[in-house]
Amino acid sequence: MQTTRRLVFLKLGGSLITDKATAHTARREVLTRLAREISAALQKDPDLSLVLGHGSGSFGHFAAQKYGTYTGVHTSLEWRGFAEVWKEARALNEIVMDALVQAGLPVMAFPASAIAITSKRAVLRCETETLQKALQHDLIPVIQGDVVFDTILGGTILSTEDQFFHLAPRLEPQRILLAGVEPGVWSDYPACKQLFDRIHLNDYTKIAPALGASAGVDVTGGMTQKVSRMLDVIRANPRLEIRIFSGVESNSIERALLGAESGTLLSA
Ligand SMILES: Nc1ncnc2c1ncn2[C@@H]1O[C@H](COP(=O)(O)OP(=O)(O)OP(=O)(O)O)[C@@H](O)[C@H]1O
Ligand SMILES: C=C(C)CCOP(=O)(O)O
């Protein structure tokens, strides 16, 4: 996609916007702050354009774990579960969209369940022209971790990171920012004394033992899957820089959007 503006993908992690230990607990005051910071960054940098994503946290992940949706959907009980996971993911999406709208942001939601079909979680088809049109008109597309219909598994879960993987070569962002509650990727998790400053493409095997599951309820692989998927993104788009950082402190999202070197850098 040709654009003169600087495109950034930003994920608001489920760990940041919900309490992943307790079902249905959105952190509304955090969302209000994050939305204001996004708005402030866009006002300070008119060349910045955004695709926002958000995780499912204590909404979709709880129902998805109950029904085993990630591994596939076959029985009628599992299909009812699929619809329940969709409802949970959508409920959080509505809370997030409300916070973004309250901050005056021109957002539009593009849920994967409505625009994508996968094959064993690899995107086979996904409507991206509508997202491109939204960007061309200075609107902010919002994607989310969601359920998707899958040609092999029946149904499954597509994380926000999986969707960034699909969108990156098509929309050509300069940077991907993943905000969570940890200040970066710890090299000694769970002791959490030392962060990786930088993770390179070929480091995965060496650093994999330091990566673990989410501290909360999670079906999409925690930090292990997050880093591995983001290295896949860099392999396909070697000029991209990706940062995994904390959105907990005030102004952390605004600073990251304006170019601060926060957290752990993943690069080629
Ligand atoms: N080496 C590590 N460094 C940092 N966090 C780690 C590490 N290993 C495991 N974790 C855990 O992984 C979590 C991040 O994964 P998680 O999937 O919860 O992120 P998220 O994207 O915020 O959530 P969601 O999938 O709901 O959007 C951290 O909050 C921490 O609990
Ligand atoms: C559990 C669901 C519905 C989506 C998971 O997406 P993620 O929170 O981005 O990992």
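Here the structure is a predicted model, which means the values were calculated and not measured.

Thoughts on the UniProt feature "domain: Aspartate/glutamate/uridylate kinase" (unreviewed entry) in the chain
Line of reasoning, step 1. Those places that UniProt annotates as "domain: Aspartate/glutamate/uridylate kinase" (unreviewed entry) correspond, in this numbering, to residues 7-243.
Line of reasoning, step 2. Span residues 7-243 is 43% helix and 22% strand, its end C-alpha atoms 14 Å apart.

Notes on unusual backbone geometry
Keep in mind that most residues, glycine aside, have a negative phi and that most peptide bonds are trans.
Line of reasoning, step 1. The peptide bond linking Y189 to P190 adopts the cis configuration, its omega dihedral lying at 10 degrees.
Line of reasoning, step 2. With respect to the secondary-structure elements, P190 resides in the loop between β9 (175-180) and β10 (198-200).
Line of reasoning, step 3. One non-glycine residue, K120, lies in positive phi territory at about 50 degrees.
Line of reasoning, step 4. The residue K120 is located in the loop between β4 (116-119) and β5 (122-126) in this model.
Line of reasoning, step 5. The residue C192 is not glycine, and still its phi comes out positive at about 60 degrees.
Line of reasoning, step 6. A tally of 11 C-beta atoms within 10 Å means that C192 is categorised as exposed.

Quick word on helix α2 (residues 28-44)
Line of reasoning, step 1. Compared with an ideal rise of 1.5 Å per residue, which puts 17 residues at 24 Å, α2 spans 24 Å between its outermost C-alpha atoms and is within 8% of the ideal.
Line of reasoning, step 2. If you check which residues of α2 are buried, you get L31, L34, A35, E37, I38, A41 and L42. Buried residues of α2 fall within an arc of 160 degrees about the axis and therefore sit on the same side. Turned more than 90 degrees off the buried face of α2, the exposed positions are E29, Q43 and K44.
Line of reasoning, step 3. Those residues of α2 that are buried are in contact with β1 (6-12), α1 (14-17), β2 (48-54), α4 (76-102) and α10 (252-257).

Quick notes on the environment of A210
Line of reasoning, step 1. Among the secondary structure elements, A210 is positioned in the loop between α8 (204-207) and α9 (222-236).
Line of reasoning, step 2. Exposure remark for A210: the 17 C-beta atoms within 10 Å place this residue in the partly exposed category.
Line of reasoning, step 3. Between the C-alpha atom of A210 and that of L12, which follows or precedes it by 198 residues, the distance is 23 Å.
Line of reasoning, step 4. In this structure, A210 is in contact with W186, S187, D188 and Y189, ignoring residues within four places of it in sequence.

Concerning the UniProt feature "binding site: substrate" (unreviewed entry) in the chain
Line of reasoning, step 1. In this structure's numbering, the residues bearing the UniProt feature "binding site: substrate" (unreviewed entry) are S56, H61 and T160. Look at the named residues: they lie 105 residues apart in sequence, but the longest C-alpha span between them is just 12.6 Å, so in the fold they bunch up.
Line of reasoning, step 2. Looking at where S56 falls in the secondary structure, it is placed in the loop between β2 and α3 (57-67).
Line of reasoning, step 3. Residue S56 is classed as buried on the basis of its C-beta count, with 32 C-beta atoms lying within 10 Å.

Observations regarding the site of ligand 2
Line of reasoning, step 1. In the neighbourhood of ligand 2, 16 residues make up the surrounding shell, with G55, G60, G145, S159 and T160 lying closest.
Line of reasoning, step 2. Elements represented by at least two residues in the shell around ligand 2 include exactly α3, α4 and β7 (146-150).
Line of reasoning, step 3. Here the shell around ligand 2 gets three residues from one element, more than from any other, and that element is α3.
Line of reasoning, step 4. Among the residues making up the shell around ligand 2, the classes are represented as six nonpolar, nine polar and one charged.

Digging into the site of ligand 1
Line of reasoning, step 1. Around ligand 1, the surrounding shell holds 27 residues, and the nearest of these are G13, G14, G55, Y189 and S214.
Line of reasoning, step 2. Looking at the shell around ligand 1, the elements that each hand over two or more residues are α1, α3 and α9.
Line of reasoning, step 3. Along the lines of polarity and charge, the residues of the shell around ligand 1 split into nine nonpolar, 14 polar and four charged.

Some words on the sheet that holds β5
Sheets are built from strands paired through backbone hydrogen bonds, the pairs being either parallel or antiparallel.
Line of reasoning, step 1. Taken in spatial order, the four strands line up as β5-β4-β7-β8 in an open sheet, and their pairing is mixed. With partners counted over all chains shown, the strands left at the sheet margins are β5 and β8 (154-158), one partner each. This sheet shows a mean twist of 45 degrees between the axes of neighbouring strands, independent of strand direction.
Line of reasoning, step 2. Note: β7 against β8, five bridges, orientation antiparallel. Following the sheet pairing, D150 is matched in β8 by G154.

Calculation criteria
All residue numbers refer to positions counted from 1 along the written sequence of the respective chain. For this description, chains carry letters from A and ligands carry numbers from 1, given in the order in which they are written. Local features in a predicted model are, by the rule used here, given only for residues with pLDDT of at least 70; side-chain atom pairs are given and counted only at 80 or more, and totals for whole chains, interfaces and linings are based on all residues. UniProt positions are given in the numbering used here, feature names are shortened, and annotations may be inferred rather than shown by experiment. Numbering of helices and strands starts at the N terminus; helices are DSSP runs of H or I of at least 4 residues and strands are runs of E of at least 2. In this scheme every C-beta is placed from the backbone, and a residue whose C-beta has 20 or more other C-beta atoms within 10 Å is buried, one with 12 or fewer is exposed, and one in between is partly exposed. In this analysis, the expected span of each helix is defined as 1.5 Å times one less than the number of residues it contains. The directions from the helix axis to the C-beta atoms form the arc being described. What counts as a contact is two residues whose backbone-derived C-beta atoms lie within 7 Å of each other. By convention here, the C-beta atom is placed from the backbone, and a residue is near a molecule or strand when that atom is within 6 Å of it. Under the convention adopted here, Pro, Cys and the residues Ala, Val, Leu, Ile, Met, Phe, Trp and Tyr are nonpolar, Asp, Glu, Lys and Arg are charged, and Gly plus all remaining residues are polar. At least two DSSP bridges between two strands are needed for those strands to be called paired. Axis definition: a line fit to C-alpha positions, over the contact stretch in the case of helices; interaxial angles, taken between N-to-C directions, run 0 to 180 degrees.

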